[in-house]
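Chain by chain, the residues run as shown.
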Amino acid sequence: MALYVQKFGGTSVGSVDRIKAVAEKVKGFRDQGHQVVVVVSAMSGETNRLTDMANALNEDPAPREMDMLLSTGEQVTISLLAMALQQIGVSATSHTGAQVGIHTDSAYTKARIQRIETDDLKADLEAGKVVVVAGFQGVDENGNITTLGRGGSDTTGVALAAALGADECQIYTDVDGVYTTDPRVCTKAQRLESITVEEMLELASLGSKVLQIRAVEFAGKYNVPLRVLSSFEDGPGTLIVADADQDEDSMEEPLISGIAFTKNEAKLTLLHTPDVPGVASRILGPIADANIEVDMIVQNVAPAGDYTDFTFTVAKGDYKATKKLLEETVIPDLGGGELRGDDNIAKVSLVGVGMRSHAGVASKMFRVLADENVNIRMVSTSEIKISVVIDEKHMELAVNALHKAFGLDKSNIESE
């Protein structure tokens, strides 16, 4: 007998029929003798509906009241799923985040879990019940309802799995696993049997939307086996593990697990800025004070050595605000300089733990892009990632060319 924590997203519970299907899936595990905790999101579209109503009443609703409102979406789902399970003969009970003992800080709309009390939950499991828990929510030390932010149900699932010492946390969604890249952009993308936590964190941070980053961090920190599965079809999904399990044969070739990409970036360059200590702080300090996150940074030294060009990227949604800040605050502080910007760029990234033990991945990536006449505007690297900024119009071409060159196509793998 195993203990599973199963999380079902909004699409998976988006209608009464889909809730019935989830109940049957859970019953299958229960019939095999397993203990099951189910974490559910609000039905698809419900959070947006509630948010729209709040904004129609108040342009700037209080975060505490938003948490009170949005937490009701999951309460609807847990009660309906518990009813569906009971209807097919499965003993089940529903719990809100507060009832199950998920304690958070008081950062409304983006709270973080501090501890979980599991005594009552374990008692229900020992009594033979399936426990259905509202994801995305908890309670602070003053008894106020809090929410964990968009995608927080993933975090709830992994956190409960960690607290209970579950054998596996299963994330059910509308895709059947983690793919080498987005199948909508590259038709030859393949589902990965397994991927490391490190790689999944990189892919999530670089634009992959399969899992919330905080959930992956939780899984890595507490060594929770995490599996991504489809709610709508059977299959093994993708297992996310702590370390790569490589054999000797797999070490013979560079191991690239996936290609991530995003169009949600914009590039800004300050030309002819003083090449003196502290200039980077004078440029980026005001941007950080405005709560704007900077991604990639490149600084070039001019031939004369007196001036430099400073380039960085921000989210596309922050482009106009950052440009205005540079023009009105930073450039006057620096005593001048020319500003150039471009919000028609894309970032494409190779991710793989194999980069640690294989040289030549970057040079091969650059050669492939050069053969496709794709110009690289910026480069950023880490132990297991290489990212390049290119023109947005070349993104799909670059992804498909790299996917084929690094042997990630289905046809390549099937022929080996």
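Residues numbered from 1 in each chain as written. Predicted model: local features only at pLDDT ≥ 70, side-chain atom pairs only at ≥ 80, totals over all residues. Heavy atoms only, no water.

- As named in an unreviewed UniProt entry, the protein chain is Aspartokinase, taken from Vreelandella populi.
- According to the UniProt record, the Sequence similarities (unreviewed entry) comment for the protein chain is "Belongs to the aspartokinase family."
- Recorded in UniProt for the protein chain, the comment headed Catalytic activity (unreviewed entry) runs: "L-aspartate + ATP = 4-phospho-L-aspartate + ADP". (UniProt positions renumbered as here; feature names shortened; annotations may be inferred.)

Focus: the domain arrangement of the protein chain
Inference 1: Entries for the protein chain in the domain assignment read domain 1 (3-245) and domain 2 (249-406).
Inference 2: Measuring from the centre of the C-alpha atoms in domain 1 to the corresponding centre in domain 2 gives 33 Å.
Inference 3: With 18 residues of domain 1 at the interface, the matching set in domain 2 holds 20 residues.
Inference 4: Counting the surface lost from both domain 1 and domain 2, the interface buries some 1,500 Å², and carbon and sulfur atoms represent 62% of this.
Inference 5: By the criterion of area lost to domain 2, the three top residues of domain 1 are Val-185, Glu-199 and Leu-206, representing 41% of everything that side buries.
Inference 6: At the boundary of domain 1 with domain 2, the tally comes to one salt bridge. (Domains from an automatic or database assignment. Contact = heavy atoms within 4.5 Å. Buried area = accessible area lost by both parts, 1.4 Å probe. Salt bridge = Lys/Arg side-chain N within 4 Å of Asp/Glu carboxyl O.)

Quick notes on the sheet that holds strand β11 (residues 226-230)
Inference 1: Reading across the sheet, the eight strands line up as β3-β6-β2-β1-β9-β11-β12-β10 and stay open at both edges, with mixed pairing between neighbours. Each of the sheet's edge strands pairs with one partner strand only, and the pair in question is β3 (92-95) and β10 (194-196). Going across the sheet, the axis of each strand differs from the next one's by a mean of 20°, ignoring polarity.
Inference 2: With three bridges connecting them, β10 and strand β12 (residues 238-241) associate as parallel partners. Looking at the pairing, Ile-195 lines up with Ile-240 of β12.
Inference 3: Where helix α7 (residues 197-205) meets the sheet, it contacts β10 and β12, and its direction lies at approximately 85° from that of β10. (Pairing = 2+ DSSP bridges. Helix = DSSP H or I, 4+ residues; strand = E, 2+ residues; numbered from the N terminus. Axes fitted to C-alpha atoms, helices over the stretch in contact; angles between N-to-C directions.)

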